[in-house]
Amino acid sequence: MSPPLITHLYTADPSAHVFEGKLYIYPSHDRETDIQFNDNGDQYDMVDYHVFSLDSLDAYADSAPSTSEAPKVTDHGVVLRTDDVPWVSRQMWAPDAALRKGKYYLYFPARDHSSVFRIGVAEGPSPTGPFTPDPEPIPGSFSIDPASFIDDDADESAYLYFGGLWGGQLQCYQTGNTPADYDEAWLGPKEPSGPGAKALFPKVAKLADDMRSFEGPVQDLVILAPETGEPIDADDHDRRFFEAAWMHKRNGTYYFSYSTGDTHFLVYATGTSPLGPFTYAGRILEPVLGWTTHHSIVEFQDRWWLFHHDCELSNGVNHLRSVKVKELFYDKDGKIVTEKPAE
(Lines give C-alpha, C1' and ligand atoms only; values in the text may rest on other atoms or scores of the structure.)
Protein backbone atom coordinates (compact mmCIF):
# COMPACT_ATOMS: atom_id res chain seq x y z
CA MET A 1 0.00 0.00 0.00
CA SER A 2 1.32 3.43 -0.93
CA PRO A 3 2.20 6.05 1.71
CA PRO A 4 -0.12 9.01 2.35
CA LEU A 5 0.02 11.72 -0.32
CA ILE A 6 -0.46 14.51 2.23
CA THR A 7 1.18 14.34 5.63
CA HIS A 8 1.03 17.85 7.14
CA LEU A 9 -2.75 17.69 7.48
CA TYR A 10 -5.32 14.94 7.88
CA THR A 11 -7.34 14.67 4.68
CA ALA A 12 -10.07 12.32 3.50
CA ASP A 13 -12.79 11.74 0.88
CA PRO A 14 -10.56 12.79 -2.04
CA SER A 15 -12.29 14.07 -5.18
CA ALA A 16 -9.65 14.18 -7.91
CA HIS A 17 -9.97 16.05 -11.21
CA VAL A 18 -7.70 17.04 -14.06
CA PHE A 19 -7.99 20.76 -14.75
CA GLU A 20 -5.67 22.71 -17.07
CA GLY A 21 -3.41 19.67 -17.43
CA LYS A 22 -2.77 19.36 -13.69
CA LEU A 23 -4.28 17.02 -11.13
CA TYR A 24 -6.27 18.69 -8.34
CA ILE A 25 -7.57 17.02 -5.19
CA TYR A 26 -10.57 18.35 -3.26
CA PRO A 27 -10.67 16.45 0.07
CA SER A 28 -12.29 16.80 3.44
CA HIS A 29 -10.01 18.27 6.11
CA ASP A 30 -10.10 16.11 9.24
CA ARG A 31 -9.15 17.64 12.56
CA GLU A 32 -8.63 16.64 16.18
CA THR A 33 -11.77 16.67 18.30
CA ASP A 34 -12.93 15.58 21.75
CA ILE A 35 -16.24 14.34 20.33
CA GLN A 36 -16.60 10.63 21.02
CA PHE A 37 -16.97 8.20 18.14
CA ASN A 38 -20.57 7.32 17.29
CA ASP A 39 -22.50 5.91 14.34
CA ASN A 40 -23.99 9.32 13.62
CA GLY A 41 -20.53 10.61 12.62
CA ASP A 42 -20.42 13.55 15.03
CA GLN A 43 -16.66 13.06 15.44
CA TYR A 44 -16.15 14.06 11.80
CA ASP A 45 -16.26 17.73 12.74
CA MET A 46 -14.68 19.43 9.73
CA VAL A 47 -14.82 23.21 9.31
CA ASP A 48 -12.98 24.05 6.07
CA TYR A 49 -11.60 22.82 2.73
CA HIS A 50 -8.10 22.91 1.26
CA VAL A 51 -7.25 22.27 -2.40
CA PHE A 52 -4.12 20.34 -3.41
CA SER A 53 -2.41 19.82 -6.77
CA LEU A 54 0.22 17.58 -8.37
CA ASP A 55 2.01 17.61 -11.70
CA SER A 56 2.74 13.88 -11.83
CA LEU A 57 1.83 10.55 -10.26
CA ASP A 58 4.59 8.53 -11.94
CA ALA A 59 6.01 7.44 -8.60
CA TYR A 60 2.74 5.67 -7.79
CA ALA A 61 2.45 3.81 -11.09
CA ASP A 62 2.32 0.05 -10.85
CA SER A 63 5.57 -0.16 -12.83
CA ALA A 64 7.45 2.45 -10.78
CA PRO A 65 10.52 1.26 -8.85
CA SER A 66 10.21 1.18 -5.08
CA THR A 67 12.89 3.86 -4.83
CA SER A 68 10.84 6.43 -6.78
CA GLU A 69 10.66 9.81 -5.14
CA ALA A 70 7.21 10.88 -4.00
CA PRO A 71 5.74 13.74 -6.05
CA LYS A 72 5.50 17.25 -4.68
CA VAL A 73 2.00 18.06 -3.50
CA THR A 74 1.08 21.75 -3.40
CA ASP A 75 -1.35 22.89 -0.71
CA HIS A 76 -3.24 25.89 -2.05
CA GLY A 77 -4.61 26.68 1.39
CA VAL A 78 -8.11 27.10 2.74
CA VAL A 79 -10.62 27.85 -0.02
CA LEU A 80 -13.87 27.73 1.98
CA ARG A 81 -14.87 27.78 5.67
CA THR A 82 -18.09 27.22 7.59
CA ASP A 83 -18.03 30.89 8.57
CA ASP A 84 -18.14 31.83 4.87
CA VAL A 85 -21.53 30.18 4.29
CA PRO A 86 -24.58 31.72 6.02
CA TRP A 87 -26.73 28.59 5.95
CA VAL A 88 -24.07 26.24 7.39
CA SER A 89 -23.94 25.38 11.08
CA ARG A 90 -21.27 22.63 11.14
CA GLN A 91 -19.70 19.54 9.58
CA MET A 92 -18.42 20.36 6.10
CA TRP A 93 -18.10 16.81 4.85
CA ALA A 94 -16.90 15.30 1.53
CA PRO A 95 -16.81 17.89 -1.31
CA ASP A 96 -16.41 17.75 -5.08
CA ALA A 97 -15.56 20.18 -7.87
CA ALA A 98 -16.50 20.74 -11.48
CA LEU A 99 -15.42 22.80 -14.48
CA ARG A 100 -18.05 23.79 -17.00
CA LYS A 101 -18.00 26.55 -19.59
CA GLY A 102 -14.96 28.23 -18.10
CA LYS A 103 -16.16 28.40 -14.48
CA TYR A 104 -15.23 26.24 -11.51
CA TYR A 105 -17.71 25.00 -8.93
CA LEU A 106 -17.18 23.53 -5.47
CA TYR A 107 -20.02 21.34 -4.16
CA PHE A 108 -20.16 20.56 -0.45
CA PRO A 109 -22.51 19.08 2.16
CA ALA A 110 -23.03 20.53 5.62
CA ARG A 111 -25.63 20.71 8.35
CA ASP A 112 -27.95 23.70 8.21
CA HIS A 113 -29.12 25.52 11.32
CA SER A 114 -31.76 22.83 11.89
CA SER A 115 -28.98 20.19 11.86
CA VAL A 116 -30.24 18.77 8.55
CA PHE A 117 -27.66 18.01 5.86
CA ARG A 118 -28.03 20.00 2.64
CA ILE A 119 -25.70 20.56 -0.32
CA GLY A 120 -24.17 23.92 -1.18
CA VAL A 121 -22.26 25.33 -4.12
CA ALA A 122 -19.53 27.93 -4.48
CA GLU A 123 -18.18 29.41 -7.72
CA GLY A 124 -14.66 30.47 -8.58
CA PRO A 125 -12.50 31.59 -11.53
CA SER A 126 -9.80 28.92 -11.12
CA PRO A 127 -9.35 25.39 -9.73
CA THR A 128 -8.13 26.91 -6.46
CA GLY A 129 -10.77 29.61 -6.20
CA PRO A 130 -11.33 31.97 -4.61
CA PHE A 131 -14.75 30.35 -4.20
CA THR A 132 -17.79 32.45 -3.43
CA PRO A 133 -20.63 30.40 -1.91
CA ASP A 134 -24.30 30.87 -2.62
CA PRO A 135 -26.06 32.13 0.52
CA GLU A 136 -28.53 29.22 0.50
CA PRO A 137 -28.15 25.50 -0.26
CA ILE A 138 -29.07 24.16 -3.70
CA PRO A 139 -32.89 24.11 -3.81
CA GLY A 140 -34.17 20.56 -3.49
CA SER A 141 -30.86 19.15 -2.21
CA PHE A 142 -30.44 16.94 0.83
CA SER A 143 -28.11 14.39 2.45
CA ILE A 144 -24.33 14.26 1.78
CA ASP A 145 -21.46 13.32 -0.54
CA PRO A 146 -22.15 15.33 -3.71
CA ALA A 147 -20.30 14.05 -6.77
CA SER A 148 -20.48 16.06 -9.97
CA PHE A 149 -20.17 14.57 -13.44
CA ILE A 150 -19.85 16.44 -16.74
CA ASP A 151 -20.68 14.22 -19.70
CA ASP A 152 -18.83 14.38 -23.00
CA ASP A 153 -21.93 15.13 -25.08
CA ALA A 154 -22.31 18.32 -27.11
CA ASP A 155 -24.19 20.10 -24.31
CA GLU A 156 -21.68 19.14 -21.59
CA SER A 157 -24.63 17.80 -19.61
CA ALA A 158 -23.96 18.04 -15.88
CA TYR A 159 -25.25 15.84 -13.09
CA LEU A 160 -24.98 15.74 -9.31
CA TYR A 161 -25.02 12.43 -7.44
CA PHE A 162 -25.45 12.34 -3.67
CA GLY A 163 -26.65 10.49 -0.59
CA GLY A 164 -25.36 8.75 2.51
CA LEU A 165 -26.94 6.50 5.12
CA TRP A 166 -26.96 6.79 8.92
CA GLY A 167 -25.24 10.09 9.75
CA GLY A 168 -25.80 11.25 6.17
CA GLN A 169 -29.58 11.09 6.72
CA LEU A 170 -30.50 9.45 3.38
CA GLN A 171 -32.79 7.02 5.25
CA CYS A 172 -34.91 10.00 6.33
CA TYR A 173 -36.22 10.45 2.74
CA GLN A 174 -38.02 7.17 2.11
CA THR A 175 -41.35 8.71 1.04
CA GLY A 176 -39.95 11.06 -1.60
CA ASN A 177 -36.95 12.90 -3.01
CA THR A 178 -37.49 16.42 -1.69
CA PRO A 179 -36.45 18.17 1.54
CA ALA A 180 -40.14 18.19 2.53
CA ASP A 181 -40.03 14.39 2.77
CA TYR A 182 -37.54 14.49 5.65
CA ASP A 183 -38.60 12.21 8.53
CA GLU A 184 -36.54 12.73 11.66
CA ALA A 185 -37.85 9.45 13.11
CA TRP A 186 -35.26 7.72 10.91
CA LEU A 187 -32.29 9.70 12.27
CA GLY A 188 -29.31 7.65 13.41
CA PRO A 189 -27.81 4.32 12.31
CA LYS A 190 -31.02 3.07 10.72
CA GLU A 191 -32.01 1.74 7.30
CA PRO A 192 -34.59 -0.67 5.84
CA SER A 193 -34.02 -4.33 6.63
CA GLY A 194 -35.69 -7.71 6.62
CA PRO A 195 -37.10 -10.13 4.04
CA GLY A 196 -38.26 -8.40 0.87
CA ALA A 197 -36.86 -4.98 1.81
CA LYS A 198 -34.81 -3.29 -0.89
CA ALA A 199 -31.76 -1.10 -0.37
CA LEU A 200 -32.19 2.65 -0.55
CA PHE A 201 -30.89 4.19 -3.74
CA PRO A 202 -28.38 7.01 -4.13
CA LYS A 203 -29.82 10.14 -5.71
CA VAL A 204 -29.10 11.99 -8.95
CA ALA A 205 -30.30 15.26 -10.43
CA LYS A 206 -29.41 16.94 -13.68
CA LEU A 207 -27.83 20.30 -13.02
CA ALA A 208 -29.27 23.38 -14.70
CA ASP A 209 -27.09 25.47 -16.98
CA ASP A 210 -26.20 27.76 -14.08
CA MET A 211 -24.68 24.73 -12.20
CA ARG A 212 -26.30 26.07 -9.00
CA SER A 213 -29.74 24.47 -9.26
CA PHE A 214 -31.43 21.30 -10.48
CA GLU A 215 -33.00 21.27 -13.93
CA GLY A 216 -35.59 18.69 -12.90
CA PRO A 217 -36.62 16.52 -9.97
CA VAL A 218 -34.19 14.46 -7.92
CA GLN A 219 -34.31 10.82 -9.04
CA ASP A 220 -33.34 7.46 -7.63
CA LEU A 221 -30.20 5.99 -9.16
CA VAL A 222 -31.26 2.37 -9.40
CA ILE A 223 -28.62 -0.31 -8.72
CA LEU A 224 -29.54 -3.85 -9.77
CA ALA A 225 -28.22 -7.22 -8.70
CA PRO A 226 -26.80 -8.97 -11.81
CA GLU A 227 -28.18 -12.39 -10.86
CA THR A 228 -31.79 -11.20 -10.58
CA GLY A 229 -32.05 -7.93 -12.49
CA GLU A 230 -33.86 -6.58 -9.42
CA PRO A 231 -32.77 -3.86 -6.97
CA ILE A 232 -30.20 -4.98 -4.42
CA ASP A 233 -31.68 -6.24 -1.15
CA ALA A 234 -31.45 -4.02 1.91
CA ASP A 235 -29.77 -6.80 3.90
CA ASP A 236 -27.05 -7.25 1.26
CA HIS A 237 -24.57 -5.00 3.04
CA ASP A 238 -21.68 -6.24 0.91
CA ARG A 239 -23.25 -4.61 -2.17
CA ARG A 240 -25.87 -2.06 -1.16
CA PHE A 241 -25.16 1.66 -1.46
CA PHE A 242 -24.13 3.38 1.76
CA GLU A 243 -22.31 6.60 0.75
CA ALA A 244 -19.43 8.03 -1.35
CA ALA A 245 -21.00 8.33 -4.81
CA TRP A 246 -18.66 8.74 -7.77
CA MET A 247 -19.25 8.64 -11.53
CA HIS A 248 -16.78 8.27 -14.37
CA LYS A 249 -17.04 7.23 -18.00
CA ARG A 250 -14.74 5.07 -20.11
CA ASN A 251 -15.27 3.91 -23.69
CA GLY A 252 -18.95 4.82 -23.59
CA THR A 253 -19.68 2.94 -20.35
CA TYR A 254 -20.75 4.78 -17.20
CA TYR A 255 -19.17 3.55 -13.97
CA PHE A 256 -20.94 4.40 -10.72
CA SER A 257 -18.82 3.55 -7.68
CA TYR A 258 -19.59 3.82 -3.98
CA SER A 259 -18.88 2.65 -0.44
CA THR A 260 -20.80 -0.12 1.30
CA GLY A 261 -20.27 1.59 4.67
CA ASP A 262 -20.40 -0.89 7.53
CA THR A 263 -18.80 -3.65 5.43
CA HIS A 264 -16.07 -1.24 4.28
CA PHE A 265 -15.82 -2.12 0.57
CA LEU A 266 -15.47 0.19 -2.41
CA VAL A 267 -17.58 -1.29 -5.20
CA TYR A 268 -18.96 -0.29 -8.58
CA ALA A 269 -21.81 -0.78 -11.01
CA THR A 270 -22.05 -0.10 -14.75
CA GLY A 271 -24.69 1.32 -17.05
CA THR A 272 -25.36 2.91 -20.41
CA SER A 273 -26.88 6.16 -19.14
CA PRO A 274 -25.76 8.65 -16.47
CA LEU A 275 -29.25 8.33 -14.97
CA GLY A 276 -29.13 4.54 -14.75
CA PRO A 277 -30.14 1.88 -14.17
CA PHE A 278 -26.80 0.43 -13.09
CA THR A 279 -25.87 -3.22 -12.56
CA TYR A 280 -23.52 -4.21 -9.76
CA ALA A 281 -20.17 -5.28 -11.22
CA GLY A 282 -17.69 -5.93 -8.39
CA ARG A 283 -15.24 -4.60 -5.82
CA ILE A 284 -12.55 -1.97 -6.30
CA LEU A 285 -10.96 -1.89 -2.85
CA GLU A 286 -11.03 -4.23 0.13
CA PRO A 287 -11.37 -2.80 3.68
CA VAL A 288 -8.54 -0.53 4.84
CA LEU A 289 -7.48 0.67 8.29
CA GLY A 290 -10.33 2.84 9.58
CA TRP A 291 -14.12 2.69 9.48
CA THR A 292 -14.90 4.86 6.46
CA THR A 293 -13.84 4.39 2.87
CA HIS A 294 -14.37 7.06 0.20
CA HIS A 295 -12.76 7.59 -3.17
CA SER A 296 -12.61 9.01 -6.67
CA ILE A 297 -11.44 7.63 -10.01
CA VAL A 298 -9.74 9.76 -12.65
CA GLU A 299 -7.66 9.41 -15.80
CA PHE A 300 -4.41 11.37 -15.67
CA GLN A 301 -1.43 11.19 -18.03
CA ASP A 302 -2.76 8.08 -19.80
CA ARG A 303 -3.29 6.08 -16.62
CA TRP A 304 -6.33 5.50 -14.43
CA TRP A 305 -6.06 6.23 -10.71
CA LEU A 306 -8.00 5.36 -7.60
CA PHE A 307 -7.82 7.99 -4.85
CA HIS A 308 -8.98 6.84 -1.41
CA HIS A 309 -8.09 7.24 2.26
CA ASP A 310 -7.17 5.26 5.35
CA CYS A 311 -6.08 5.90 8.95
CA GLU A 312 -2.47 4.71 8.76
CA LEU A 313 -0.96 8.12 9.54
CA SER A 314 -3.05 8.50 12.72
CA ASN A 315 -2.46 4.89 13.81
CA GLY A 316 -6.08 3.94 13.32
CA VAL A 317 -8.00 6.97 14.63
CA ASN A 318 -11.19 6.76 12.56
CA HIS A 319 -11.76 10.49 12.15
CA LEU A 320 -8.14 11.33 11.31
CA ARG A 321 -7.62 10.02 7.79
CA SER A 322 -5.09 10.46 4.99
CA VAL A 323 -5.45 10.48 1.22
CA LYS A 324 -3.74 7.75 -0.80
CA VAL A 325 -3.60 6.80 -4.47
CA LYS A 326 -3.04 3.64 -6.49
CA GLU A 327 -3.13 2.80 -10.18
CA LEU A 328 -6.28 1.14 -11.50
CA PHE A 329 -6.73 -1.09 -14.54
CA TYR A 330 -9.42 -2.49 -16.83
CA ASP A 331 -9.54 -5.89 -18.47
CA LYS A 332 -10.48 -6.48 -22.12
CA ASP A 333 -14.18 -6.49 -21.19
CA GLY A 334 -14.01 -3.15 -19.38
CA LYS A 335 -14.17 -4.66 -15.89
CA ILE A 336 -12.18 -2.77 -13.25
CA VAL A 337 -9.27 -4.80 -11.89
CA THR A 338 -6.62 -3.88 -9.34
CA GLU A 339 -3.72 -5.70 -11.03
CA LYS A 340 -2.45 -4.98 -14.53
CA PRO A 341 -3.86 -7.63 -16.88
CA ALA A 342 -1.39 -9.85 -18.66
CA GLU A 343 -0.80 -8.76 -22.24
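Provided above is the structure to which this section pertains.
Computed from a predicted structure; not experimentally measured.

Cut-off values and rules
Residues numbered from 1 in each chain as written. Predicted model: local features only at pLDDT ≥ 70, side-chain atom pairs only at ≥ 80, totals over all residues. Heavy atoms only, no water. 1 Å grid on protein atoms, 1.4 Å probe; cavity = no way out; pocket = protein on both sides within 12 Å on 5 of 7 lines; lining within 4 Å. Points joined across faces, edges and corners; volume = space filled by probe spheres on them. Helix = DSSP H or I, 4+ residues; strand = E, 2+ residues; numbered from the N terminus. Nonpolar A, V, L, I, M, F, W, Y, C, P; charged D, E, K, R; others polar. Salt bridge = Lys/Arg side-chain N within 4 Å of Asp/Glu carboxyl O. Buried < 20%, exposed > 50% of the residue type's maximum accessible area, 1.4 Å probe, protein only. Phe/Tyr/Trp six-rings, centres within 6.5 Å; stacked < 30°, edge-to-face > 60°. Pairing = 2+ DSSP bridges. Core = buried A, V, L, I, M, F, W, Y, C linked by side-chain atoms within 4.5 Å. Contact = heavy atoms within 4.5 Å.

### Structural notes on the layout of surface pockets
Counted as a void, the largest pocket has a volume near 530 Å³. Taken together, 22 residues form the lining of the largest pocket, with His17, Phe149, Ile150, His248 and Val298 sitting closest to its centre. Among the elements of the structure, β1 (10–19), β5 (96–100), β9 (147–150), β14 (243–250) and β18 (296–300) are those that each provide at least two residues to the lining of the largest pocket. When residues of the lining of the largest pocket are assigned to their parent elements, the largest contribution, five residues, is made by β14. Of the residues contributing to the lining of the largest pocket, the split by class is 13 nonpolar, four polar and five charged.

### Things to note about the pattern of salt bridges
With the rule as written, the count across this model stands at 26 salt bridges. Note that Arg31 and Asp45 form a salt bridge whose closest N and O atoms lie 2.8 Å from each other. Taken together, the residues span a long stretch of sequence, with Arg31 in the loop between β2 (22–30) and β3 (48–54) and Asp45 in the loop between β2 and β3 at a distance of 14 residues. Judged by relative accessible area, Arg31 falls into the partly exposed class, the value being 36%. On the basis of relative accessible area, Asp45 is assigned to the buried category, the value being 17%.

### Re the packing of aromatic side chains
Per the counting criterion, the structure on display carries 23 aromatic pairs. Look at Phe241 and Phe256: their rings are 6.3 Å apart centre to centre, the planes differ by 35°, and that puts the pair in the tilted class. In this pair, Phe241 is assigned in the loop between β13 (223–224) and β14 and Phe256 in strand β15 (residues 253–259), connecting sequence segments 15 residues apart. Of the two residues, Phe241 and Phe256, both sit in the buried class.

### A word on the sheet that holds β15
Spatial strand order, β13-β17-β16-β15-β14: five strands in an open sheet with mixed pairing. Lying at the two open borders of the sheet, with one neighbouring strand each, are β13 and β14. In this sheet, strand β17 (residues 278–285) lies alongside β13 in parallel orientation, the contact comprising two bridges. Counted as the bridge partner of Ile223 is Phe278 from β17.

### Regarding empty space enclosed by the protein
What the rule picks out here adds up to three cavities of 30 Å³ or more. Lining the largest cavity we find 23 residues, and of these Gly41, Tyr44, Trp93, Glu243 and Thr292 sit closest to its centre. Residue composition of the lining of the largest cavity, by class: ten nonpolar, eight polar and five charged. Its volume calculated, the second largest cavity comes out at about 50 Å³. Along its surface, the second largest cavity is lined by Ala199, Leu200, Phe201, Pro202, Ile223, Ile232, Arg239, Arg240, Phe241 and Tyr258. Here the lining of the second largest cavity is composed, by residue class, of eight nonpolar, no polar and two charged.

### A word on the nonpolar core
Tyr107, Tyr161, Phe256 and Ile297 are the most contacted members of the largest nonpolar core, which totals 56 residues. With five residues, the single largest contributor to this core is strand β10 (residues 158–162). When residues no more than four places from it in sequence are discounted, the contact partners of Ile297 are Trp246, His248, Ser257, Ile284, Trp304, Trp305, Leu306, Leu328, Tyr330 and Ile336.

### Section: the pairing of β2
Here is the key point about a regular strand: its side chains alternate between the two faces of the sheet. Within β2, eight of the nine residues are buried, which leaves the element mostly enclosed by the surrounding structure. Of the pairings in the sheet, the one linking β1 to β2 comprises eight bridges and is antiparallel in character. Residue pairing across strands places Val18 opposite Leu23, the latter belonging to β2. As paired elements, β2 and β3 share three bridges and run antiparallel to each other. Paired with Ile25 across the bridge in β3 is Phe52.

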